[in-house]
Amino acid sequence: MSINKNRRATVGALAAAGLAVLPLPLLAQGRKLKIGLMLPYTGTFAQLGEAITNGFKLHVAETGGKLGGMDVEYVTVDDESAPPKAVENMNRLVRRDNVDVVVGTVHSGVALAMANVARQTNTTLIVPNAGAGDITGSLCAPNIFRTSFTNWQPGYGMGKVMVDRKIKSAVTLTWKYAAGEEAVNGFKEAFVAGGGKIIKDMSLPFPNVEFQPFLTEIASLKPEAVFVFFAGAGAAKFVKDYMAAGLKSIALYGSGFLTDGVAEAIGDVGQGLVTVLHYGDGINNPKNIAFRTRYATTYKQQPDVYAVQGYDAAQLLAAGLTAVKGDLSKKAEFHKAMSTAKIDSPRGPFTLSKAHNPIQDMYIRQLKGRDNVVIGVAVKGLADPALGCKA
Ligand code: BEZ
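Here the residue numbering is sequential within each chain, running from 1 through the sequence in written order. Totals for whole chains, interfaces and linings use all residues, but because this is a predicted model, local features are given only for residues with pLDDT of at least 70 and pairs of side-chain atoms are given and counted only at 80 or more. Working from all heavy atoms in the structure, the side-chain values ignore hydrogens and water.

Visitor: Please clarify how the site of the ligand should be interpreted in this entry.
Guide: In the vicinity of the ligand lie 15 residues, with Val106, Ser108, Gly131, Tyr177 and Ala179 positioned nearest. Within 3.5 Å is the distance limit for a polar contact, defined as a pair of N or O atoms, with the added protein rule that one can donate a hydrogen and the other accept it, and that residues adjacent in sequence qualify only through two side-chain atoms. With respect to the ligand, the side chain of Ser108 contributes an N or O atom lying 2.6 Å from an oxygen atom. The accessible surface values rely on the Shrake-Rupley method and a 1.4 Å probe; as for residues, cover is taken only from the protein chains in view. In isolation the ligand has 260 Å² of accessible area, and contact with the protein removes 100% of it. Residue polarity follows a fixed list, in which Ala, Val, Leu, Ile, Met, Phe, Trp, Tyr, Cys and Pro are nonpolar, Asp, Glu, Lys and Arg are charged, and the others, Gly among them, are polar. Here the residues of the shell around the ligand sort into 10 nonpolar, five polar and no charged. Each domain span listed reflects an automatic or database assignment of domains. Here the shell around the ligand gathers at least three residues from each of two domains, domain 1 (33-149 + 284-356) and domain 2 (152-277). Proximity is defined per residue: if any heavy atom of the residue lies within 4 Å of a molecule or strand, that residue is considered near it.

Visitor: I keep staring at the state of the cysteines and nothing clicks. Help me out?
Guide: One covalent bond between the sulfur atoms of two cysteine residues makes up a disulfide. Working definition: a disulfide is two cysteine sulfur atoms within 2.5 Å of each other. By the definition in use, this model includes one disulfide. Each sulfur of the disulfide joining Cys140 and Cys389 lies 2.2 Å from the other. The S-S bond linking Cys140 to Cys389 shows a torsion near 85°; that makes this disulfide right-handed. One end of the pair, Cys140, is in the loop between strand E5 (124-127) and strand E6 (144-146); the other, Cys389, is in the segment after strand E14 (371-382), with 249 residues separating them in the sequence. Residue Cys140 is classed as buried on the basis of its relative accessible area, which comes to 10%. Helix and strand definitions here come from DSSP, where helices need a minimum of 4 consecutive H or I residues and strands a minimum of 2 consecutive E residues; each element is numbered from the N-terminal end. Only protein chains enter the accessibility calculation, which uses a 1.4 Å probe; a residue is then buried when its area is under 20% of its type maximum, exposed when over 50%, and partly exposed in between.

Visitor: Where do I start with the packing of helix H3 (residues 46-62) against helix H12 (residues 305-323) in this structure?
Guide: The axes of two packed helices give the description: the angle between them and the distance between them. The interhelical angle for the contact between H3 and H12, taken along N-to-C directions, is 40°, at an axis separation of 6 Å. Overall, the two elements H3 and H12 adopt an arrangement that is oblique. Handedness of the H3/H12 crossing: right-handed. Together, Leu48, Ala51, Ile52, Gly55, Phe56, Leu58, His59 and Glu62 of H3 and Tyr306, Ala307, Gly310, Tyr311, Ala313, Ala314, Gln315, Leu317 and Ala318 of H12 make up the contact between the two elements. Comment: axis = line fitted to C-alpha atoms, over the contacting stretch for helices; angle = value between 0 and 180 degrees taken between N-to-C directions. Roughly parallel means an angle under 35 degrees; roughly antiparallel, over 145; roughly perpendicular, 65 to 115; everything else is oblique. Should the near helix be turned counterclockwise from the far one by less than a right angle, the crossing is left-handed, whereas a clockwise turn marks it as right-handed. Note on contacts: a residue pair qualifies if any of its non-hydrogen atoms lie within 4.5 Å across the two residues.

Visitor: How should I be thinking about the environment of Phe45 in this particular structure?
Guide: Looking at the element boundaries, Phe45 is found in the loop between strand E1 (33-39) and H3. A sequence separation of 173 residues divides Phe45 from Ile218, and the C-alpha atoms of the two residues are 26 Å apart. Filtering out sequence-adjacent residues up to four positions away, Phe45 remains in contact with Pro40, Ser81, Val106, His107, Trp175, Tyr177, Phe206, Ala231 and Gly232.

Visitor: Just to check I follow, could you spell out the domain arrangement of the chain for this structure?
Guide: A common way to report how large an interface is uses the accessible area buried once the components associate. For the chain, the assigned domains are domain 1 (33-149 + 284-356) and domain 2 (152-277). Between domain 1 and domain 2, the C-alpha centre-to-centre distance is 28 Å. On the domain 2 side, the residues contacting the 16 residues of domain 1 number 16 residues. The term buried area refers to how much accessible surface (probe radius 1.4 Å) is lost by two components on association, counted for both of them together. For domain 1, the biggest contributors to the area lost against domain 2 are Thr44, Phe45 and Phe149; these three give 39% of the whole. Here, a salt bridge means any side-chain nitrogen of Lys or Arg that lies within 4 Å of a carboxyl oxygen of Asp or Glu. At the boundary of domain 1 and domain 2, one finds zero salt bridges. Taken together, the links from domain 1 to domain 2 amount to four residue pairs in polar contact (both at pLDDT 80 or more). Looking at which element gives the most residues to the side of domain 1 that touches domain 2, the answer is helix H5 (residues 108-121), with three residues. Looking at the side of domain 1 that touches domain 2 residue by residue, the class counts come to seven nonpolar, eight polar and one charged.

Visitor: Hey, could you run me through the pairing of E14 in this one?
Guide: Where a strand is regular, its side chains alternate between the two sheet faces. Paired strands, as defined in this entry, are two strands with at least two bridges between them according to DSSP. Across eight bridges, the pairing between strand E13 (residues 358-368) and E14 is antiparallel. By the bridge assignment for E14, Met362 is matched with Val379.

Visitor: Even after reading the chapter, I still don't get the side chain of Thr105, so can you show me in this structure?
Guide: By the secondary structure assignment, Thr105 is in the loop between strand E4 (101-103) and H5. In terms of polar contacts, Thr105 uses its side chain to reach the backbone carbonyl oxygen of Met38, at 3.2 Å. Sequence-distant contacts of Thr105, that is, excluding residues within four places in its chain, are made with Met38, Leu39, Pro40, Asp79, Val110, Ala111, Met114, Val127, Pro128, Asn129 and Ala130.

Following this line, the structure appears as structure tokens:
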């Protein structure tokens with residue numbers, strides 16, 4: 001008799017006797033690990049969702065199509081970076097599709113809603129991008145993990161670098177939602193503490209890309225520099241519009257999403273732009289070199305920060321699964337193993353803070369050719385303050 005038939009017979013007998021049955025480890029049941037991938041596959045952040053998916057699947061392929069020894073199956077949802085649809089999409093994965101783990105997403109507003117559902121249902125959630133502080137702040141929980149960053153981290157690092165560069169005045173511009181607001185706040189925290197003056201904060205709704213009125217105002221305000229948060233297709237358009245508006249003499253800085261994954265789309269006008277992020281294309285460690293080679297061979301394109309974050313989400317999940325030998329009924333042990341894992345990332349090794357956010361170096365990068373080349377370190381081993389986390 002097969003393990004499953006045997007188990008069904010035993011379950012039937014025990015149930016008839018009115019006895020509770022504990023779940024068998026997934027490995028012993030011979031069933032697959034069900035992973036919900038809730039990511040944007042359309043809209044401004046579509047390319048980011050694809051890169052995260054590619055990175056995740058690359059690690060799974062490296063370990064023979066398995067994670068922690070288990071076969072995997074995916075349930076994929078296009079979240080469209082639409083916060084109003086987030087709770088329904090997440091509930092569908094958790095309650096209808098019964099996934100074991102959810103990996104998602106890119107947009108902070110969507111991810112905040114996902115974290116709330118994950119808390120209510122004790123679903124394991126790995127956030128492979130969205131940087132909203134509350135996910136590993138007031139919403140922190142034993143079952144919620146992030147392999148990316150908080151929006152505060154690169155913003156704060158960029159502010160420090162601009163102080164070091166003796167910049168005295170800046171205008172900020174961002175999409176008006178959690179990611180942009182928190183990136184700007186991180187930037188201002190370091191910049192103002194270092195003596196910098198903010199001339200004006202400006203914003204437009206996500207995902208609008210009508211930048212012209214803001215560029216006209218920047219030209220008339222004449223700050224020494226501009227700090228922005230934009231990402232994906234919107235970032236590429238912003239850099240092109242900024243340069244076309246003749247603003248090259250006003251130094252443009254930003255969280256590194258401004259140029260990551262979009263160097264090709266920006267083209268030559270972005271040459272020399274300096275940004276801060278937890279990854280850079282030329283990081284010279286064996287893990288990054290191997291990762292970049294395999295990614296390029298598999299997908300016929302270069303990886304970016306989003307691909308790294310997806311890859312590391314798979315590595316983190318594998319660490320947890322290996323520790324419990326696929327027995328997800330040992331949830332506390334599974335989560336504990338993830339929280340103490342040391343991830344050998346292409347960005348460099350990192351561990352998670354108590355709130356489950358990476359403690360990591362913030363690199364200074366410069367766009368040269370199609371690469372965000374590392375030219376220094378803004379802050380070493382930067383941990384998010386995790387305000388409001390009671391972990
Ligand atoms: C966010 O919404 O948190 C986000 C989106 C794209 C890039 C970085 C952060």
